[in-house]
Amino acid sequence: MSTRISDTYDTVIGGGKHWSLKLRAGTLLRLTDTDGGANVGMMFYNPENTLERYNAPDTLKCQHTFKLTRGHCLYSDMGRIFCSIVADTSGWHDTVCGNSTARMVAERWGERSYQLYRNEWTQNGHDAFLVEAGKYGLGRRDLAANVNWFSKVSAADDGALHFDATHATAGASVDLRFEMDTLVLLHTCPHPLNRATEYPRKPVAIHIGRAQPVAADDFCMNSRPENLRGFANNDLYHLCGGGAERLS
Amino acid sequence: MKRASDLHPGEAVFRYVIRAGDYWIDTLRAGQRLRIVDVEGNQAADTLFFNAADVADRYSAVDTIREQGNVYLSTGSKLLSTSGKVLLEIVADTVGRHDTLGGACASESNTVRYDLEKRTMHACRDSYLLAVGQHDTLGLGKRDLTHNINFFMNVPVTPDGGLTFADGLSGPGEYVEMRAAMNVIVLISNCPQLNNPCNAYNPTPLEVLIWDADVL
């Protein structure tokens, strides 16, 4: 029988890298933009059936929002909630701009090959997701609109998009409470609208721990009547044996 | 930007009325023009496109809006694939603004948006699933049913980050027309939504017309 060393785990993912992990319901994931200017691309899948995945349009229209911040829940295409944003010092995260690509990075900052630059090569978000997705049998057809944590993109009245290069400040953090078992893919590649003169290689600190139980007056669950129904859909899923037992 | 088309319906090589709640799936050849007509007004045409030579390379809402720098689609919008290729370009539009953020309705999202007991009501994603199931030789499945265009829907984004569902800008007989830049599979769900005031709770027919490149 193994002995649990700790109930928490902390690491730092350097800028321009990628990672993935499966998180149990009841897990707290905290992302911190330690240096300022970070972007964390993230996708979410149900590990029991990866055809169920994060759906940005459903997430936005269910909560009548264009941005993501505290109080919002991230929905799957099946009407369930992968995670809730229980704390956020940033105030605005993007989910409509997708990823940087190899061509974009080469045109904007010049390609830095692995052969010449080793760990300082310039990876891109799209290919980072393909690598992590492939580890679970997923591919091009399984990618969808992702979240870009710490990146603010607003739209003017005429629909014009604006990337706020001053938005991601050092020390900003966002706390995600997972409401069902979730496969998380993530990368720390630049936001595709970031036009910094140098390839923005910004690290993100990751803290994994146990979330507080969801109380009846939970802010996210009660922030909109839609979210009460989203939590009810999760309850039905768990009632019928979906996922592992929630961490407590 | 509004722009009328100079094509005549009498010269179309294909005309088809999609009944409310039905789907239509077909292949457009490079150079052909597709017009979608909002026959009775404020009806949503939930539309997906796939590169016919590589269906995993499909319409991408996020790449399309990011590269054009605007969340709305209209005349001049290049509809991009996930690999950045131009699938089609909108060449005429009598409405002026179309949505690609709101996605397609699903019985599951209906439970969240409206009521848990709406779970058996007809929805676009059921039409999509039926379409790819009945045409499984195309090699499409649920993982290919990605974020779509909602032609004729008006979903304004506010500068402070809100999303609103406004009365439609469309009306009876308004249309949008696009030119295929390559061979593309087009899949349209004529939205059956009965819970949303966008279509006055009244789904109505759409008509599609296709012109060959040599009549242009």
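Since the structure is predicted, the reported quantities are computational estimates derived from the model, not experimental observations.

Asks: Break down the overall build of chain A for me, with residues and values.
Replies: Helices and strands together make up the secondary structure of chain A, namely 6 helices and 13 strands. Computed over its C-alpha atoms, the radius of gyration of chain A comes to 18 Å, within 12% of the 18 Å expected for a compact globule of 248 residues. Referenced to the eigenvectors of the C-alpha coordinate spread, the extents of chain A come out at roughly 55 × 50 × 35 Å. In chain A, which comprises 248 residues, the share counted as buried stands at 50%. Taking as baseline every contact in chain A between residues at least 6 positions apart, the subset at least 24 positions apart corresponds to 78%.

Asks: Which residues make up the overall build of chain B, and what values go with them?
Replies: From N to C terminus, chain B includes 3 helices and 10 strands. Its helices and strands taken in sequence order, chain B reads β-β-β-β-α-β-β-α-α-β-β-β-β from the N to the C terminus. A compact globule built from 216 residues should have a C-alpha radius of gyration of about 17 Å, and chain B, at 16 Å, falls within 12% of that. By its C-alpha atoms, chain B is 50 × 40 × 35 Å across when sized along the principal axes. Scored against the burial criterion, the 216 residues of chain B give a buried share of 49%.

Asks: Pulling in residues and values, what's your account of unusual backbone geometry?
Replies: Its identity is not glycine, yet His-64 of chain A carries a phi of approximately 50°, on the positive side. As for its placement among the helices and strands, His-64 of chain A is situated in the loop between α1 (56-62) and β6 (73-75). With 15 C-beta atoms packed within 10 Å, His-64 of chain A lands in the partly exposed category. The backbone of Phe-152 of chain B sits at a positive phi, close to 80°, despite the residue not being glycine.

Asks: How would you sum up the interface of chain A and chain B? Please name residues and give values.
Replies: Contact residues are listed per partner, giving 42 residues for chain A and 34 residues for chain B. Of all elements in the fold, only α1, β9 (153-155) and α6 (225-239) of chain A reach the threshold of two or more residues within the side of chain A that touches chain B. The biggest single contributor to the side of chain A that touches chain B is α1 of chain A, with 6 residues. Grouping the amino acids of the side of chain A that touches chain B by side-chain chemistry returns 21 nonpolar, 10 polar and 11 charged.

Asks: Give me the lowdown on the sheet that holds strand β5 (residues 78-80) of chain B, citing residues and values where you can.
Replies: Hydrogen bonds along the backbone pair up the strands of a sheet, which may run parallel or antiparallel. Residue and element names in this part refer to chain B. One open sheet holds the 6 strands; their spatial order is β1-β10-β3-β8-β6-β5, and the pairing between them is antiparallel. Looking along the sheet, the strands with just one partner apiece sit at the ends: β1 (14-18) and β5. Within the sheet, the average angular offset between the axes of one strand and its neighbour, ignoring direction, is 25°. Pairing analysis gives 3 bridges linking β5 to strand β6 (residues 86-93), with the strands arranged antiparallel. Looking at the pairing, Lys-78 lines up with Glu-89 of β6.

Asks: Residues and numbers for the pairing of strand β3 (residues 27-33) of chain A, please.
Replies: All names here are of chain A. Of all 7 residues in β3, 6 are buried, a share of seventy percent or more. Note: β3 against strand β11 (residues 172-178), 6 bridges, orientation antiparallel. Bridged to Leu-28 within β11 is Arg-177.

Asks: Describe the nonpolar core, naming the residues involved and giving the relevant values.
Replies: Counting 114 residues, the largest nonpolar core has Met-42 of chain A together with Ile-36, Phe-49, Val-184 and Leu-187 of chain B as the members making the most contacts within it. Aside from chain neighbours lying at most four places away, what touches Val-184 of chain B is Leu-28, Phe-49, Phe-50, Asn-51, Ala-52, Leu-87 and Leu-88 of chain B.

Asks: Which residues make up the pairing of β11 of chain A, and what are the values?
Replies: Residue and element names in this part refer to chain A. Judged by how many residues are buried, β11 sits mostly within the fold: 5 of 7 residues are covered. Judged from the 5 bridges that link them, strand β7 (residues 81-88) and β11 form a sheet pairing that is antiparallel. Bridged to Asp-88 within β11 is Val-174.

Definitions and cut-offs
For every chain, the first residue of its written sequence is number 1, and the numbers climb from 1 along that sequence. Going through the entries in the order they are written, you letter the chains from A and number the ligands from 1. Where local features are concerned, this predicted model is filtered to residues with pLDDT of at least 70; where side-chain atom pairs are given and counted, the filter is 80 or more; whole-chain, interface and lining totals use all residues. Secondary structure elements are defined from DSSP: runs of H or I of at least 4 residues count as helices, runs of E of at least 2 residues count as strands, and each element is numbered from the N terminus. For a compact globule the rule gives 2.2 Å times the number of residues to the power 0.38, and the radius of gyration it is set against comes from C-alpha atoms. Put simply, a residue is buried when 20 or more other C-beta atoms lie within 10 Å of its own C-beta and exposed when 12 or fewer do; between those, it is partly exposed, and each C-beta is set from the backbone. Here, residues touch in the contact sense if the C-beta positions derived from the backbone fall within 7 Å of one another. Polar here means any residue other than Ala, Val, Leu, Ile, Met, Phe, Trp, Tyr, Cys and Pro, which are nonpolar, and Asp, Glu, Lys and Arg, which are charged; Gly is therefore polar. The pairing criterion is simple: DSSP has to find at least two bridges between the two strands. Interaxial angle, 0 to 180 degrees, is taken between N-to-C directions of lines fitted to C-alpha atoms, where a helix line uses only the stretch in contact. When buried Ala, Val, Leu, Ile, Met, Phe, Trp, Tyr and Cys residues are joined through C-beta atoms within 7 Å, the set is termed a nonpolar core.

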